[in-house]
Amino acid sequence: MGSKKKKKKIKRDIISIDEKACTRCGDCIDACAEFALEMGKESVRLKGESFCDGQGACIAVCTDDALRIVKRECEPFEPEEVKRYVRSMGEDELVKRVMEHFLKVRRPD
Ligand code: SF4
């Protein structure tokens, strides 16, 4: 643990957050299967570039038009990093987050 390795950046799709448009509802946090988003003081924020797969599932739940996909230089998506985060979460928290995700992305009947 401790020292963070500097990752090679690549140009790819990644989420971009309009901090002024975000109303901090939290819906996108639940919608992201990679747990890439977290709540910040002023708006939702990206936990880390390597958590975002650039697919934009979060965009569909944002009714404030605060999210979009942009192409820019950033760290590559790292599924192993997501796995490590999920393992660190603990079973109760993981079940809670997965259920929130299913409920958020569920399509209307
Ligand atoms: S869904 Fe939109 S408004 Fe809600 S927290 Fe996410 S970015 Fe902000």
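Whatever comes next refers back to the structure up there.
Residues numbered from 1 in each chain as written. Predicted model: local features only at pLDDT ≥ 70, side-chain atom pairs only at ≥ 80, totals over all residues.

Caption draft 1: Looking closely at the overall build of the protein. In terms of helices and strands, the protein carries three helices and four strands. In the protein, the succession of α and β elements from N to C terminus is β-α-β-β-β-α-α. Computed over C-alpha atoms, the radius of gyration of the protein comes to 14 Å, within 12% of the 13 Å expected from 2.2 N^0.38 for 109 residues, which places it in the range of a compact globule. Dimensions of the protein along its principal axes, counting C-alpha atoms only, are 45 × 35 × 30 Å. Within the protein, the proportion of its 109 residues that are buried is 21%. Long-range pairs, those at least 24 residues apart, make up 69% of the contacts in the protein with a sequence separation of at least 6. (Helix = DSSP H or I, 4+ residues; strand = E, 2+ residues; numbered from the N terminus. Rg over C-alpha atoms; globule rule 2.2 N^0.38 Å. Buried ≥ 20, exposed ≤ 12 C-beta atoms within 10 Å, placed from the backbone. Contact = placed C-beta atoms within 7 Å.)

Caption draft 2: Here's a closer look at the site of the ligand. Around the ligand, the surrounding shell holds 15 residues, and the nearest of these are Cys22, Cys25, Cys28, Cys62 and Ala66. Tallied by class, residues from the shell around the ligand come to nine nonpolar, three polar and three charged. (Near = placed C-beta within 6 Å. Nonpolar A, V, L, I, M, F, W, Y, C, P; charged D, E, K, R; others polar.)

Caption draft 3: Summary view of the environment of Thr63. Here Thr63 shows up in the loop between β3 (44-46) and β4 (67-74). Accessibility expressed as a C-beta count within 10 Å gives 9 for Thr63, which makes it exposed. Between the alpha carbons of Thr63 and Cys28 there is a distance of 9.9 Å; along the sequence they are 35 residues apart.

Caption draft 4: Representation of the nonpolar core in the model. Counting residues in hydrophobic clusters, the biggest one holds 19 residues, and the most contacted among them are Cys28, Cys32, Leu37, Cys52, Cys58 and Leu67. Breaking this core down by element, the ones donating at least two residues are β1 (10-17), α1 (27-31) and β4. No other element matches the three residues that α1 contributes to this core. The residues touching Cys32, leaving out its near neighbours within four places in the chain, are Leu37, Ala57 and Cys58. (Core = buried A, V, L, I, M, F, W, Y, C linked by C-beta atoms within 7 Å.)

Caption draft 5: Representation of the environment of Lys7 in the model. With respect to the element layout, Lys7 can be found in the segment before β1. Residue class for Lys7 comes out partly exposed when judged on the 14 C-beta atoms lying within 10 Å of it. Each residue touching Lys7, except ones within four places of it in the same chain, is listed here: Ser50 and Glu75.

Caption draft 6: Quick peek at helix α2 (residues 79-89). Of all eleven residues that make up α2, one are buried, and the element is exposed over most of its length. A positive backbone phi angle near 90° is found at Gly90, which sits one or two residues after α2.

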